[in-house]
Amino acid sequence: MKTAICYYSRHHGNTRKVLDAMAGEGGVDLIDVTAQQAVRLEEYDCIGFASGVYFGKFHDGVLSFARQYLPQGKPVFFACTYGGDKGTSTKALLEIAKEKNCPVLGEFGCKGFDTFGPFKLVGGIAKGHPNTQDLERARSFYREIKERLH
């Protein structure tokens with residue numbers, strides 16, 4: 001199975017750590033949505049979208065990328081890291097998937113160290129995350145996605 005995970009990860013690299021864990025399960029190409037590259041997602045069996053949660057939603061770059069490049073009918077999944085909580089962060093991606101008739105295979109989320117905005121004043125929140133357990137849960141989530149598609 002060949003999977004593309006289109007992502008945005010800055011600040012502390014929390015999301016990238018989670019994606020590296022998933023990619024360790026094999027068959028994954030990580031695509032940074034800020035790299036301004038032409039992509040052919042039609043060549044993949046499954047497509048993931050990943051980001052930190054910013055004010056309750058995925059990064060705008062990921063949403064724009066999904067609108068532009070997600071092919072019709074491709075199975076998708078979502079992954080995110082967050083300081084506070086995940087909330088309804090995947091709502092916009094779920095709508096994009098629905099518009100393009102893409103089945104949603106699942107969502108993964110875990111805490112990620114956050115010093116954005118006011119959290120910087122208190123030294124950040126969710127320190128130490130993603131941790132070893134979070135990364136193992138990410139690997140397990142991706143293994144389940146692979147099993148479901150086989």
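Residues numbered from 1 in each chain as written. Predicted model: local features only at pLDDT ≥ 70, side-chain atom pairs only at ≥ 80, totals over all residues. Heavy atoms only, no water.

Quick notes on unusual backbone geometry
Just so we agree on the cut-off: Helix and strand assignments come from DSSP, with helices taken as H or I runs of at least 4 residues and strands as E runs of at least 2, each series counted from the N terminus. Only protein chains enter the accessibility calculation, which uses a 1.4 Å probe; a residue is then buried when its area is under 20% of its type maximum, exposed when over 50%, and partly exposed in between.
The backbone of Phe55 sits at a positive phi, close to 50°, despite the residue not being glycine. Secondary-structure assignment places Phe55 in the loop between strand S3 (46–54) and strand S4 (57–58). Accessibility expressed as a relative area gives 78% for Phe55, which makes it exposed. One non-glycine residue, Asn101, adopts positive backbone phi at about 55°. Inspection of the secondary structure assignment puts Asn101 in the loop between helix H3 (91–99) and strand S6 (104–111).

Description of the environment of Ala35
Within the secondary structure, Ala35 sits in the loop between strand S2 (28–32) and S3. Looking at Ala35, the relative accessible area reads 43%, which means it is partly exposed.

So, the packing of helix H2 (residues 60–69) against H3
We count it as follows: Lines fitted to C-alpha atoms define the axes here, with helix axes fitted over just the stretch in contact, and angles between the N-to-C directions of these axes take values from 0 to 180 degrees. For classification, angles of less than 35 degrees are called roughly parallel, those exceeding 145 degrees roughly antiparallel, those between 65 and 115 degrees roughly perpendicular, and all remaining angles oblique. The contact criterion used is simple: two residues touch if any of their non-hydrogen atoms lie within 4.5 Å. Residues are sorted three ways: Asp, Glu, Lys and Arg are charged, Ala, Val, Leu, Ile, Met, Phe, Trp, Tyr, Cys and Pro are nonpolar, and all the rest, Gly among them, are polar.
Interaxial distance between H2 and H3 falls to 10 Å at its minimum, and their mutual angle equals 0°. Between H2 and H3, the angle is such that the two are roughly parallel. Across the interface between the two elements, Leu63, Ala66 and Arg67 from H2 touch Ala92, Leu93 and Ile96 from H3. Its residues assigned to classes, the contact of H2 with H3 comprises 5 nonpolar, no polar and 1 charged.

Remarks on the packing of aromatic side chains
Where two aromatic rings form a pair, the distance of their centres and the angle of their planes describe that pair. Note the threshold: Between 30 and 60 degrees the pair is tilted, below 30 it is stacked and above 60 it is edge-to-face, where a pair is any two Phe, Tyr or Trp rings, Trp via its six-membered ring, whose centres lie within 6.5 Å. Sitting over a ring, as applied to charges here, requires NZ of Lys or CZ of Arg to be within 6 Å of the ring centre and within 35 degrees of the ring normal.
Under the defined criterion, the tally for this structure stands at 5 aromatic pairs. An aromatic cluster is present here, built from Phe77, Phe108, Phe141 and Tyr142 joined pairwise through their rings. Positioned above the aromatic ring of Tyr44 is the side chain of Lys2, whose terminal nitrogen or guanidinium carbon lies 4.9 Å from the ring centre.

Some remarks on helix H4 (residues 132–149)
Cut-off, in case you're wondering: What a helix should span is 1.5 Å times the count of its residues minus one. Think of a polar contact as two N or O atoms within 3.5 Å of one another; within protein, one of them needs to be a possible hydrogen donor and the other a possible acceptor, and neighboring residues in sequence only count if both atoms come from side chains.
When the terminal C-alpha atoms of H4 are compared, their 26 Å separation across 18 residues agrees well with the 26 Å that a helix rising 1.5 Å per residue should span. Those residues of H4 hidden inside the fold are in contact with strand S1 (3–8), helix H1 (14–23), S2, S3, strand S5 (76–82) and S6. Sitting at the amino-terminal end of H4 is Asn131, which places a side-chain oxygen 3.1 Å from the backbone nitrogen of Gln133.

Thoughts on the nonpolar core
Going by this rule: In this text, buried Ala, Val, Leu, Ile, Met, Phe, Trp, Tyr and Cys residues form a nonpolar core when linked through side-chain atoms within 4.5 Å.
Among the nonpolar cores identified, the biggest contains 26 residues, and Leu41 and Phe49 are the most heavily contacted of them. Those elements that place two or more of their residues in this core are S1, S3, H2, S5 and H3. Non-local contacts of Leu41, meaning those with residues more than four positions away in its chain, are made with Ala4, Cys6, Ile31, Ile47, Phe65, Tyr69, Leu70, Pro71 and Lys74. One finds Leu19, Cys46, Cys110 and Tyr142 within the second-largest nonpolar core, a separate group that totals 19 residues.

Here's the deal with the pattern of salt bridges
Inclusion rule: By convention in these notes, a salt bridge is any Lys or Arg side-chain nitrogen within 4 Å of a carboxyl oxygen on Asp or Glu.
All told, the structure shown has 8 salt bridges when counted by the stated rule. The closest approach of N and O atoms between Glu25 and Arg143, which form a salt bridge, is 3.1 Å. Within this pair, whereas Glu25 is found in the loop between H1 and S2, its partner Arg143 is found in helix H4, the two being separated by 118 residues in sequence. The class for Arg143 is partly exposed, based on a relative accessible area of 29%.

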